[in-house]
Amino acid sequence: MQRYEISQENYYLCENKLLFLFCMKRIIFTLIALATLFSLSAQTPEAIRESILKHPNLAIPTFSTYPCMPLEKVAEAPKGFEPFYMSVVSRHGSRYEQDDKYFRKIVNIFDKADNLGILTPEGKLIHQKMTKILEEQQGRNGELTSLGYEQLRLVGNRAYNNFPAIFSGECSVDGRSSTSLRCVFSMVAFVQGLKENNPLIKVEQQARREELPAIRPLVDNKERSPKIFQKHHKEFVDSGEGAEELKAWKREQRTPDFMSKITTDPERMLKECGGRYDFNVMHNTHKTLLFAANFSMDCSQLIERNFTTDELYLSYIYATYKWIYNSISVGNDIVETRLSCMRPLVDDIIERANKAIEGKNPHVADLRFTHDSYVAPLQAYMGFDNHRGTYSLDVEKAATSFNFSPMIPMGANVQFVLYRNKASKVLVRTLINECDATMPIECKTAPFYPWDDFCNFVTKSMDKFEAPRSRVLESLQ
């Protein structure tokens, strides 16, 4: 029986009512998924505000707990295709902040304001909560939280349940991790989620420096990312034109609603307590309260009461633009060279998948655990729809040029799943944060793409960054 397609001709292939109802169910599911995808990709200031109104955690995407959006039901594969291999690149789960100082500075500002007697009752509540957050943080810089472990365990559990054909019976899984302990424990958690369903799974796990050129290619692949470029890129991020433009943008933003909620004398708080200007106070307070969810401290009511959607929108613009001039946009040679450093990771994904197709990979899954600074650029580098921004010195224009909000929460992951039919045709689907991701590849089976078409598209997408890369490296000689 032929597979149903959305066309008048194929409509008449439905030879009985049961098949017709089955086909209509798939059509409706697809249309709903497309509508959801379209609403997420609508990158206007109004659409972003609406998204933040529904999901306030998306205002600072990299700090959001996982999953940052409701998970969708995994779509059925085309008829006759069964999954046989999975490749994963994952960010670690929720962690503590990298350093106490990120919380201490804003707490000190509130300490001084409290001593001056200029905090409102709501300001005092926020001060108390942030003090507790700082206490919880101390001595745990960068560590994986218990929530972070549970996130990755559940991702592994769902990977098994979504694709049991891959992980059935006696099989082998290879896990590789950054040497960061939060990545190592995230790998352990993911594997635990798999083995809870099938104890027969054999696991090889490693976190060796010799593996890092493909796991952290920006800092550990000297051939692809020479030290001279790493230094040049850091200088650009710290003091380049984009950094200076963002500083100017911050100084111009005003958040009078927030300031009036926390203090009886906003001017004095800014001048005498170290706040300097109100965006700093608003954003750092919001960032601290939002981050606390990563170690299971709920500040959602404080955020809801004290921050307007427009203020959260400003946090989104600021957080997103930092990524624009760092690593996930096109239109600037230095940023595109930074993106080109992802090639060793992509080459590793394709090479191991090809071995799985040829029957030469002893593992049914290859798992990699790294950091947001690789998972987000990976999505942009490979050319997924609306996962790459446009570089601009217009801060708001750049930050709304793509859909950053669902890309990179704590625990973010990209899953490449290979399918095969009896005729040995291979399809690949990619899930970003366990939801189907699309690419501008024309085919009737999207988001299940013919493997060769997928590889050709990704290769062409990567090759576009070689010219700017050559220009930058030549200029540094």
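Our structure's up above, just so we're on the same page.
Residues numbered from 1 in each chain as written. Predicted model: local features only at pLDDT ≥ 70, side-chain atom pairs only at ≥ 80, totals over all residues. Heavy atoms only, no water.

Caption draft 1: Layout of the packing of aromatic side chains. Across all of its chains, the model carries 17 aromatic pairs by this definition. Relative to Phe167, the ring of Tyr160 lies with its centre 6.4 Å away and its plane at 35°, an arrangement referred to as tilted. Phe167 carries the same exposure label as Tyr160, and that label is buried. Here the aromatic rings of Phe190 and Phe369 are separated by 5.7 Å at their centres, their planes lie at 65°, and the arrangement is edge-to-face. (Phe/Tyr/Trp six-rings, centres within 6.5 Å; stacked < 30°, edge-to-face > 60°. Buried < 20%, exposed > 50% of the residue type's maximum accessible area, 1.4 Å probe, protein only.)

Caption draft 2: Here's a closer look at the nonpolar core. Within the largest apolar cluster, 107 residues are counted, with the highest numbers of intra-cluster contacts made by Phe110, Met269, Val281, Leu289, Trp451 and Phe454. Examining the composition of this core, we find that 10 residues originate from one element, helix H16 (residues 309-324), more than from any other. Met86, Met187, Leu367 and Leu427 belong to the second largest nonpolar core, which has 29 residues in total. (Core = buried A, V, L, I, M, F, W, Y, C linked by side-chain atoms within 4.5 Å. Helix = DSSP H or I, 4+ residues; strand = E, 2+ residues; numbered from the N terminus.)

Caption draft 3: Local environment of the packing of helix H17 (residues 333-340) against helix H22 (residues 466-475). Interhelical geometry of H17 versus H22 gives an angle of 110° and a closest axis separation of 8 Å. If you check the angle between H17 and H22, you find them roughly perpendicular. H22 is crossed by H17, and the crossing has left-handed handedness. Residues Asp333, Ile334, Glu336, Thr337 and Ser340 of H17 touch H22, and the partners they reach there are Glu466, Pro468, Arg469, Arg471 and Val472. (Axes fitted to C-alpha atoms, helices over the stretch in contact; angles between N-to-C directions. Parallel < 35°, antiparallel > 145°, perpendicular 65-115°, else oblique. Left-handed = near helix turned anticlockwise from the far one by under 90°. Contact = heavy atoms within 4.5 Å.)

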